[in-house]
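Single-letter residue listing:
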Amino acid sequence: FYYDFEFPEPVGEEALERLEAEVRREIEEGRQWERFDVSRDEARERFLAEEEPYKVELVDSVEGDISLYKQGDFVDLCRGPHLQDSKPLKAVKLLSLAGAYWRGDENRPQLTRVYGTAFYDPKDLEAYLHRIEEAKRRDHRRLGKDLDLFEFSEVTPGMPFWHPRGMVIWNVLEDLRRRENAKRGYSEVRTPLLYESELWRTSGHWEKYQEHMFRVEVEGRDFALKPMNCPGHCLLYSLSPHSYRELPLRLAEAGNLHRNELSGVLHGLLRVRHFVQDDAHVYCTTEQIHDELLACLDYAYYLYDLFELDMRVELSLRPDNKLGTDEEWDFAEAELRRALATQGLEYVESEGEGSFYGPKIDLHMADSLGRSWQLGTVQLDLQMPKRFGLTYQGDDNVEHTPAMIHRALLGSLERFVGIYLEHTGGDLPLVLAPEQVRVLPVSERFAADAESLADDLRVHGFRALVDEREETLGRRIRDAELAKIPFVVVWGERESLEALAVRRRGGEQATVGWEALLSELQAAAKL
RNA sequence: GCCGACGUAGCUCAGCUGGUAGAGCACUUCACUCGUAAUGAAGGGGUCCCCGGUUCGAGUCCGGGCGUCGGCUCCA
């Protein structure tokens, strides 16, 4: 609802508290809101008289008649519907203050936005706040600390330090990437981290993104760390001549990328300044575009299915600052739509959200608080190859310009791990669990046996450790549970290889033989 | 970058109106040799984010910076 409030200066938490008290008081006293429609001119005149330039602007930008709502003497714009009476409101909480640019434009003034929520039942408010608290326990930044996966340092903001346990996850993903790339006809390449600014001018990134690049001056020459792999790949392509027989040429590289993101947007692993994408660029003929797009989407969904992820699909169309002609964009957008249709994917279209060199299919997932993050992307680019003068010799003995598909499927590995931690709440499947099995000797007497059991597991390729600390069994069970270890094997007087005491994450217990345990682990560890 | 909040031990946090720092967990040592989510005792550990100012004296007050969190904008 709208509320007329003189904001105390300075705007801050104290103001928020005062506002909340005021709102509570008014609601308790009871307020009514009444709707009435007026013509645009009438609305305009009213807000002009009130010296409300923002409201005048809103009136001017709306089509047709205007609906207003009235509370006592206070009248404001509202498209409606609007609550008519405050009586049913039983719980109100103002959550936070934030600056928000007027009409979402950073070049315009910033107004103070108040976030709040209201419920018909105080219990619902409590439940809502509880849900937010719960979500915080799934926060990947929390889990990264608790599970000893990664951390950050003030000395290099936005650049993760991966701990040994985090690297286990990383390497599993990296192995998967290598294996599937090999299967799907990609060639692995490796390109430099630093390039002279000349390269970025050629690609067009310099003009748009130079403030966001890490620049290095060496002996009077201006270098920049690569913020993406594509120009390097184009450069690589251009270094030797190509025949149509080589196409499609699929170049893959999990290169280290640096982007100097604005300090205010950094967010754990989900938005970082140093990251690695499971990146690849496919150079192909026009005729090959469709099949290559399909192969990319197929590959992407193969990965998402492995991890049981539901992606939101967005088709991002030509932006204002696009390179190339409308005809090229018509063609590229149509190709992406056709691929999505063939693949049978539901998607929403986003005008103006495409990259400057081409439209893209973006694959999004939500974090624990419902915020949406882009993971995968498949982009069709007809511009970079031209800018880099890339060619291939056709069967007609004439030089042609190839098309280029940019694709990252998990997206950045950092972001993928972050989102996946939130998705699973840290209960990683066996394949990704840094420590898969923990063996607990009941007492010191059984330590040697426990160690040899863990050894056997390691020989079979599992990540198994023994917790030999002189702590009670209960204590070590608890620690294993908190560390979210998928399998705990207790070894003592009563156990033998025929009868192992196996506890699964969550508390379920069973007695199983060695062979059975091994085959269960092997089945679960397959990716 | 912008708006708001926050920054104290490895972690989570307490520290009232300025008098030079504390808890729980973790860690170390000792005792216990243990049966499915916390055994007990003792001990070590701090540039109170950084720089400057006010003051006899600053974790505490003021200014600037850095970082983090929630939004906004951005995301090649």
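For the structure, check the block above.
Remember, predicted model here, so these are calculated numbers, not experimental data.

A. Representation of the overall build of chain A in the model. On a plain count of helices and strands, chain A comes out with 16 helices and 26 strands. With respect to the principal axes defined by its C-alpha atoms, chain A has extents near 85 × 75 × 50 Å. Counting every position in chain A, which comprises 527 residues, the buried fraction comes to 46%. Sequence-distant contacts, at least 24 apart, represent 68% of the contacts inside chain A between residues at least 6 apart. Separation between the mean location of the 67 positive side-chain charges and that of the 100 negative ones in chain A comes to 2 Å.

B. The environment of Thr401, seen in detail. Considering the arrangement of structural elements, one finds Thr401 in the loop between β20 (399-400) and β21 (403-412). Accessibility expressed as a relative area gives 40% for Thr401, which makes it partly exposed. Sequence separation between Thr401 and Asp320 is 81 residues, and the spatial gap between their C-alpha atoms is 24 Å. If near-sequence neighbours (up to four positions away) are discounted, Thr401 is found in contact with Pro385, Lys386, Leu390 and Tyr392.

C. Structural detail: the environment of Arg318. Turning to its location among the elements, Arg318 is positioned in the loop between β15 (312-316) and α11 (326-343). By relative accessible area, which is 21% here, Arg318 ends up partly exposed. When the C-alpha positions of Arg318 and Asp330 are compared, they lie 9.1 Å apart, and in sequence the two are twelve residues distant. Apart from residues no more than four positions distant in its own chain, Arg318 is found in contact with Asp326, Trp329, Asp330, Glu333 and Gly352. Here the side chain of Arg318 touches Glu333 through a polar contact of 2.8 Å, side chain to side chain.

D. Region of the structure containing the protein's contact with RNA strand B. Around RNA strand B there are 59 residues in total, and Tyr101, Gln110, Arg475, Glu495 and Gln509 lie nearest to it. Among all atoms of RNA strand B positioned within 4 Å of the protein, those belonging to sugar or phosphate total 53%. Between a sugar or linking oxygen of RNA strand B and a side-chain N or O atom of Tyr115, the distance comes to 2.7 Å. In this structure, a phosphate oxygen belonging to RNA strand B sits 3.3 Å away from a side-chain N or O atom of Lys360. Put simply, the parts of the chain that give the surface near RNA strand B at least two residues each are β4 (91-101), β5 (110-119), α5 (140-146), α8 (205-209), α15 (473-482) and β25 (500-504). It is α15 that provides the largest number of residues to the surface near RNA strand B, a total of seven residues. For the surface near RNA strand B, the residue count by class is 20 nonpolar, 16 polar and 23 charged.

E. Expanded view of the sheet that holds strand β11 (residues 221-225). Reading across from one edge, β9-β11-β10 is the order of the three strands in this open sheet, with antiparallel pairing throughout. Two strands bound the open sheet, and with one partner strand each, they are β9 (194-196) and β10 (215-218). Averaged over all pairs of adjacent strands, the angle between their axes in this sheet comes to 35°, without regard to strand direction. Examined bridge by bridge, β9 and β11 share three bridges and lie antiparallel to one another. By the bridge assignment for β11, Tyr195 is matched with Ala224.

F. Broad picture of the sheet that holds β25. Judged by pairing direction, the sheet is mixed, and its five strands sit side by side in the order β23-β22-β24-β25-β26 without closing on themselves. Each having just a single partner strand, β23 (464-466) and β26 (509-512) make up the two edges of the open sheet. Taken pair by pair, the neighbouring strands of this sheet meet at an average axis angle of 25°, ignoring direction. Across five bridges, strand β22 (residues 437-441) lies against strand β24 (residues 487-491) in parallel orientation.

G. Region of the structure containing the packing of aromatic side chains. Applying the stated criterion to the full structure yields 14 aromatic pairs. Centroid distance Phe307 to Tyr420: 5.3 Å. Interplanar angle 70°. Geometry classified as edge-to-face. Of this pair, Phe307 sits in the loop between α10 (289-306) and β15 while Tyr420 is found in helix α13 (residues 413-424), placing the two residues 113 residues apart along the sequence. Of the two residues, Phe307 and Tyr420, neither departs from the other in class, the shared state being buried. Each member of the aromatic cluster is reached from another via a ring pair, and the members are Phe150, Phe152, Trp162 and Trp170. One Lys or Arg, Arg184, reaches over the ring of Tyr299 and ends 4.4 Å from the middle of that ring.

H. Representation of the pattern of salt bridges in the model. According to the stated counting rule, one finds 50 salt bridges in the structure shown. Linking Glu261 and Arg271 is a salt bridge whose minimum nitrogen-to-oxygen distance equals 3.1 Å. Here the residue Glu261 occupies a position in the loop between β13 (256-258) and β14 (274-284), and Arg271 occupies one in the loop between β13 and β14, the gap between them amounting to ten residues. Given the relative accessible area of 27%, Arg271 is considered partly exposed. When salt bridges that share partners are traced, they join Glu22, Arg25, Glu26, Glu29 and Arg31 into one network.

I. Region of the structure containing the pairing of β26. The pairing of β25 with β26 spans four bridges and is antiparallel. Note on β26: the bridge partner recorded for Val502 is Ala510. In this structure, the hairpin formed by β25 and β26 is closed by a connection of four residues, where Gly506 is found at a positive phi of approximately 110°.

What counts and how
Residues numbered from 1 in each chain as written. Chains lettered and ligands numbered in written order. Predicted model: local features only at pLDDT ≥ 70, side-chain atom pairs only at ≥ 80, totals over all residues. Heavy atoms only, no water. Helix = DSSP H or I, 4+ residues; strand = E, 2+ residues; numbered from the N terminus. Buried < 20%, exposed > 50% of the residue type's maximum accessible area, 1.4 Å probe, protein only. Contact = heavy atoms within 4.5 Å. Lys, Arg positive; Asp, Glu negative; His and termini not counted. Charge placed at Lys NZ, Arg CZ, Asp CG, Glu CD. Polar contact = N/O pair within 3.5 Å; in protein donor to acceptor, adjacent residues only side chain to side chain. Near = heavy atom within 4 Å. Nonpolar A, V, L, I, M, F, W, Y, C, P; charged D, E, K, R; others polar. Pairing = 2+ DSSP bridges. Axes fitted to C-alpha atoms, helices over the stretch in contact; angles between N-to-C directions. Phe/Tyr/Trp six-rings, centres within 6.5 Å; stacked < 30°, edge-to-face > 60°. Lys NZ or Arg CZ within 6 Å of the ring centre and 35° of its normal. Salt bridge = Lys/Arg side-chain N within 4 Å of Asp/Glu carboxyl O.

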